[in-house]
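# Coordinate inspection notes
Residue strings, one per chain:
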Amino acid sequence: AQSVTQLGSHVSVSEGALVLLRCNYSSSVPPYLFWYVQYPNQGLQLLLKYTSAATLVKGINGFEAEFKKSETSFHLTKPSAHMSDAAEYFCAVSEDGYNKLIFGAGTRLAVHP
Amino acid sequence: EAQVTQNPRYLITVTGKKLTVTCSQNMNHEYMSWYRQDPGLGLRQIYYSMNVEVTDKGDVPEGYKVSRKEKRNFPLILESPSPNQTSLYFCASRTGGETQYFGPGTRLLVL
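The structure presented is a predicted model; accordingly, all values stated were derived computationally and were not measured.

### Some thoughts on unusual backbone geometry
A cis amide bond, omega -5°, links B:N7 with the succeeding residue B:P8. Within the element layout of this structure, B:P8 appears in the loop between strand 1 (4–7) and strand 2 (10–13). Despite not being glycine, A:T72 shows a phi value in the positive range, around 45°. Relative to the helices and strands, A:T72 resides in the loop between strand 7 (64–68) and strand 8 (73–78).

Laid out in structure tokens, this is it:
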């Protein structure tokens with residue numbers, strides 16, 4: 001069965017600092033992996049997705065994630081945090097493409113001045 | 001504008017009183033899905049639909065019903081709501097190999 005583990009339910013960084021949000025997955029087949037962002041009182045918005053084309057995936061708003069099969073990880077990074085990055089971030093995995101998404105519990109990112 | 005809409009956005013009800021949360025998309029998407037979001041649990045899929053009259057259970061279908069009579073609509077029905085169904089609900093849709101588009105969410109409180 002698929003599962004997703006996001007390490008750290010809350011992460012706090014200073015503005016301008018590196019953002020690193022961790023995601024590990026388990027899957028019996030090569031997975032499709034996603035990162036979504038949820039701003040307060042809004043729905044989920046796709047940040048980026050991995051579909052086996054390239055291990056380093058670039059997304060919107062300066063975020064990127066690297067697929068590491070040996071570590072079963074898909075960590076999300078951004079070189080320099082901005083106040084507007086404060087939100088909740090969800091990692092998700094799908095084995096059948098895009099139909100059945102399994103989400104992690106989420107990581108709430110706080111950015112302080 | 002391409003969008004997924006949900007109504008109502010906020011709902012307070014009492015145990016056992018049937019309710020329906022509507023979901024509509026204007027993108028002619030075949031696939032639609034319902035999720036619930038609970039603190040510490042992320043999003044869990046309730047039901048999904050591959051096309052009109054084709055629905056299937058997700059991970060947490062108990063206590064919910066759905067129907068897909070038209071391509072654009074995918075209502076979520078709670079026949080007899082209970083307090084453990086208090087949650088934030090999201091509808092999503094997609095087509096082909098595209099990713100899912102999510103609605104704005106419906107916050108439900110069952111007393």
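### Some details on the pairing of strand 11 (residues 106–110) of chain B
Residue and element names in this part refer to chain B. Residues T106, L108 and V110 of strand 11 are buried on one face, while the alternating residues R107 and L109, pointing to the opposite face, are not. As defined by bridge partners, strand 2 adjoins strand 11 across four bridges and the pair is classed as parallel. Paired with I12 across the strands is L109, a residue of strand 11. Sheet analysis places strand 9 (residues 87–94) next to strand 11, joined by three bridges and oriented antiparallel. Residue pairing across strands places L88 opposite R107, the latter belonging to strand 11.

### Here's the deal with the interface of chain A and chain B
Chain A puts 19 residues into the contact, and the matching count from chain B is 22 residues. Across the chain A/chain B interface, buried area totals approximately 1,500 Å², and carbon plus sulfur atoms make up 48% of it. Here chain A and chain B share zero salt bridges between them. At the boundary of chain A with chain B, the tally comes to one residue pair in polar contact (both at pLDDT 80 or more).

### Observations concerning a nonpolar patch on the surface
Residue and element names in this part refer to chain B. Taken together, the side chains of I12, V14, L109 and L111 make up a nonpolar region of the molecular surface, amounting to roughly 380 Å² of accessible area. Checked against the element boundaries, L111 lands in the segment after strand 11. Owing to a relative accessible area of 57%, L111 belongs among the exposed residues under this scheme.

### Structural notes on the environment of A:S80
Residues and elements named next belong to chain A. Counting through the fold element by element, S80 comes out in the loop between strand 8 and strand 9 (87–94). Expressed as a C-alpha distance, the spacing of S80 and L47, which sit 33 residues apart in the sequence, is 16 Å. Discounting chain neighbours no more than four positions away, the residues touching S80 are G16, A17 and D85. Of the polar contacts made by the side chain of S80, one reaches the backbone oxygen of G16; its length is 3.5 Å.

### Here's the deal with the side chain of B:D38
Residue and element names in this part refer to chain B. Tracing the chain through its elements places D38 in strand 4 (residues 31–38). Since its relative accessible area comes to 11%, D38 is described here as buried. Within the structure, the side chain of D38 is placed 2.8 Å from the side chain of R36, a separation counted as a polar contact. If we skip the residues at most four places from it in the chain, D38 touches R44, T86 and S87.

What counts, and where the lines are drawn
Residues numbered from 1 in each chain as written. Chains lettered and ligands numbered in written order. Predicted model: local features only at pLDDT ≥ 70, side-chain atom pairs only at ≥ 80, totals over all residues. Heavy atoms only, no water. Helix = DSSP H or I, 4+ residues; strand = E, 2+ residues; numbered from the N terminus. Buried < 20%, exposed > 50% of the residue type's maximum accessible area, 1.4 Å probe, protein only. Pairing = 2+ DSSP bridges. Contact = heavy atoms within 4.5 Å. Buried area = accessible area lost by both parts, 1.4 Å probe. Salt bridge = Lys/Arg side-chain N within 4 Å of Asp/Glu carboxyl O. Polar contact = N/O pair within 3.5 Å; in protein donor to acceptor, adjacent residues only side chain to side chain. Patch = residues over 30% accessible without salt bridge, like charges linked within 9 Å, V, L, I, M, F, W, Y side chains within 5 Å. Areas by Shrake-Rupley, 256 points an atom, 1.4 Å probe, with all protein chains shown as cover.

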